[in-house]
Amino acid sequence: MAPLLPRWLIPVGCRIARWPSESTGSSTSYAGKETMRLETPWTLPRKDSAVIELKGKPVADALMSALSVRVQALADRGVTPQLAIVEVGDDSANRWYRQAAIRRLEAAHCEVAVISLSDKATQPELNETLDRLSADDQIHGILLLRPLPAHLNEQEAADHTSALKDVDGMSDASLAGVFLGNPGVFAPCTADAVIRLLNHYGFEYRGSRASVLGRSAVVGRPVASLLLVRDATVTQAHSKTPSLKDACSQADLVVSAMGVLGALDQEVLPSGCWLVDVSCNSREDGSMAGDAVWDRLGDIAAATPVPGGVGAVTTAVLAEHLVSAAERQNAHF
Ligand SMILES: NC(=O)C1=CN([C@@H]2O[C@H](COP(=O)(O)OP(=O)(O)OC[C@H]3O[C@@H](n4cnc5c(N)ncnc54)[C@H](OP(=O)(O)O)[C@@H]3O)[C@@H](O)[C@H]2O)C=CC1
Ligand SMILES: Nc1nc(=O)c2c([nH]1)NC[C@@H]1CN(c3ccc(C(=O)N[C@@H](CCC(=O)O)C(=O)O)cc3)C=[N+]21
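So, how was this worked out
- Residues numbered from 1 in each chain as written.
- Chains lettered and ligands numbered in written order.
- Predicted model: local features only at pLDDT ≥ 70, side-chain atom pairs only at ≥ 80, totals over all residues.
- Heavy atoms only, no water.
- UniProt positions renumbered as here; feature names shortened; annotations may be inferred.
- Helix = DSSP H or I, 4+ residues; strand = E, 2+ residues; numbered from the N terminus.
- Buried < 20%, exposed > 50% of the residue type's maximum accessible area, 1.4 Å probe, protein only.
- Contact = heavy atoms within 4.5 Å.
- Areas by Shrake-Rupley, 256 points an atom, 1.4 Å probe, with all protein chains shown as cover.
- Domains from an automatic or database assignment.
- Buried area = accessible area lost by both parts, 1.4 Å probe.
- Salt bridge = Lys/Arg side-chain N within 4 Å of Asp/Glu carboxyl O.
- Polar contact = N/O pair within 3.5 Å; in protein donor to acceptor, adjacent residues only side chain to side chain.
- Nonpolar A, V, L, I, M, F, W, Y, C, P; charged D, E, K, R; others polar.
- Near = heavy atom within 4 Å.
- Core = buried A, V, L, I, M, F, W, Y, C linked by side-chain atoms within 4.5 Å.

As named in an unreviewed UniProt entry, the protein is Bifunctional protein FolD, taken from Muricaecibacterium torontonense. Word for word, the UniProt comment on the protein under Sequence similarities (unreviewed entry) is "Belongs to the tetrahydrofolate dehydrogenase/cyclohydrolase family." Of the protein, the UniProt comment under Pathway (unreviewed entry) reads exactly: "One-carbon metabolism; tetrahydrofolate interconversion."

Secondary structure assignment for the protein yields 12 helices and 11 strands. Buried residues in the protein amount to 48% of all 333 residues. Relative to all contacts within the protein whose residues are 6 or more apart in sequence, the contacts with residues 24 or more apart total 71%. Of the roughly 15,700 Å² of accessible surface on the protein, 53% is carried by carbon and sulfur atoms.

Segmenting the protein into domains produces domain 1 (78–186 + 313–327) and domain 2 (189–312). Both sides together, the interface formed by domain 1 and domain 2 hides about 1,600 Å², and carbon and sulfur atoms give 64% of it. Of all residues in domain 1, Trp96, Val313 and Thr314 give up the largest surface area on contact with domain 2, accounting jointly for 38% of the area buried on that side. Remark: the boundary between domain 1 and domain 2 carries one salt bridge. The partner of Glu320 in a salt bridge is Arg196, and the shortest N-O contact between them spans 2.6 Å. Seen at the junction of domain 1 and domain 2, the total is 11 residue pairs in polar contact (both at pLDDT 80 or more). Those elements that provide at least two residues to the side of domain 1 that touches domain 2 are helix H5 (92–107), helix H8 (172–180) and helix H12 (310–329). The element best represented in the side of domain 1 that touches domain 2 is H12, accounting for eight residues. For the side of domain 1 that touches domain 2, a count of residues per class yields 11 nonpolar, five polar and five charged.

So, on to the site of ligand 1. The environment of ligand 1 is made up of 20 residues, and the closest members are Thr190, Arg215, Ser216, Ser239 and Thr314. Contact between ligand 1 and Ser216: an oxygen atom at 2.5 Å from a side-chain N or O atom of the residue. In the environment of ligand 1, an oxygen atom lies 3.1 Å from a nitrogen or oxygen atom belonging to the backbone of Cys280. Alone, ligand 1 offers 920 Å² of accessible surface; in the complex the protein occludes 73% of this. Here the shell around ligand 1 is composed, by residue class, of nine nonpolar, 10 polar and one charged.

Here we come to the nonpolar core. One finds Leu198, Leu227, Leu253 and Leu318 to be the most contacted residues of the largest nonpolar core, which totals 56 residues. No other element matches H12, which puts 10 residues into this core. Each residue touching Leu198, except ones within four places of it in the same chain, is listed here: Phe203, Tyr205, Leu227, Leu253, Trp274 and Val276. Core analysis: the second largest hydrophobic core is formed by 17 residues, Val86, Leu130, Leu144 and Ala157 among them.

The subject of this paragraph is the UniProt feature "binding site: NADP(+)" (unreviewed entry) in the protein. Here, UniProt's "binding site: NADP(+)" (unreviewed entry) annotation points to Gly214, Arg215 and Ser216. Note that Arg215 resides in the loop between strand S5 (209–213) and helix H10 (220–229). When near neighbours in sequence (up to four residues on either side) are disregarded, Arg215 contacts Gly220, Arg221, Gln236, Ala237, His238 and Lys240. Along the polypeptide, Ser216 turns up in the loop between S5 and H10. Discounting chain neighbours no more than four positions away, the residues touching Ser216 are Arg221 and Pro222.

This is the structure:
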């Protein structure tokens, strides 16, 4: 029999393992089990079981299905969108992104070239690589994985990246457009993904209070700008903010991009807020986790899982930006 209760009533993290029928041998219906489970003393507190998972997959699926007709129209004109991914050194978050982006773009019938530079690469080497890709007619988009090693300058790299191919909103022109609310520019893919995800799940920006944790050029700052443009009242926190709890205390929405494993739980997150956890930290066992402790979210309303949340939307937005860039570069045909 199909479940009669919403799926989010099932507690995250301890599902199935302590299912009542395993101890009682009962053959009651699914709905009956669900009722029993919520009354049993060994389940998570009711408030933890009510956190709605804001999954990325349906958002990404919708974006990808809208894209296929555009990729086909380009193919009919002999154009296959191609992305160049430039990475410097080795980093787990970059590796996850590179692998997921390749899967996504290949599924969308786009091509990917990966250029891996050593972590000792110099600024002139990086600049030359970006100049060469900018001049290559077969490359429609350039994604420079960030953050760069400390000895390299992101701004200088942006200046060597063709504005037409800047699919991850790195250039001054793209960022100025994001800050001013100009819809014609590419925002950094992740910042765009946060907005697509919130739109999909019907978040109401106007009148809301949003706390953005992190202020990098690739996530924190553009997310704050995109929320401000949509009439949210935005607080922005960073590593010198004295109290994260104070920074979040009024929030209807918390967007976390600190990259600090275990930094967020019910002590910091206010009741009823939505949490968008952008971070992708590496646990000791090599698995991926966000900033929030998933089984200590308290009575917040909704949260994105990691993995399975923002990351999936980021790769879909990257595909969309690449296809738009290829269309613009072939507009004369
Ligand atoms: N899922 C996805 O699609 C994506 C995930 N990511 C992930 O998001 C995370 C952030 O990425 P990125 O912005 O590039 O990282 P950065 O390291 O560039 O920025 C981290 C930001 O968090 C702030 N911060 C660090 N520690 C604290 C703290 N204890 N309290 C408050 N603020 C803090 C820093 O402050 P300060 O400025 O003072 O140093 C900085 O502004 C990473 O885990 C990354 O892997 C990134 C992009 C896409
Ligand atoms: N210029 C730049 N822009 C970025 O947006 C950027 C970056 N540099 N450097 C690295 C981080 C990290 N990042 C991820 C994006 C998607 C997934 C992703 O698709 N994750 C899947 C899981 C993937 C898996 O399990 O392997 C998920 O969350 O469900 C992961 C990580 C983007 N980043």
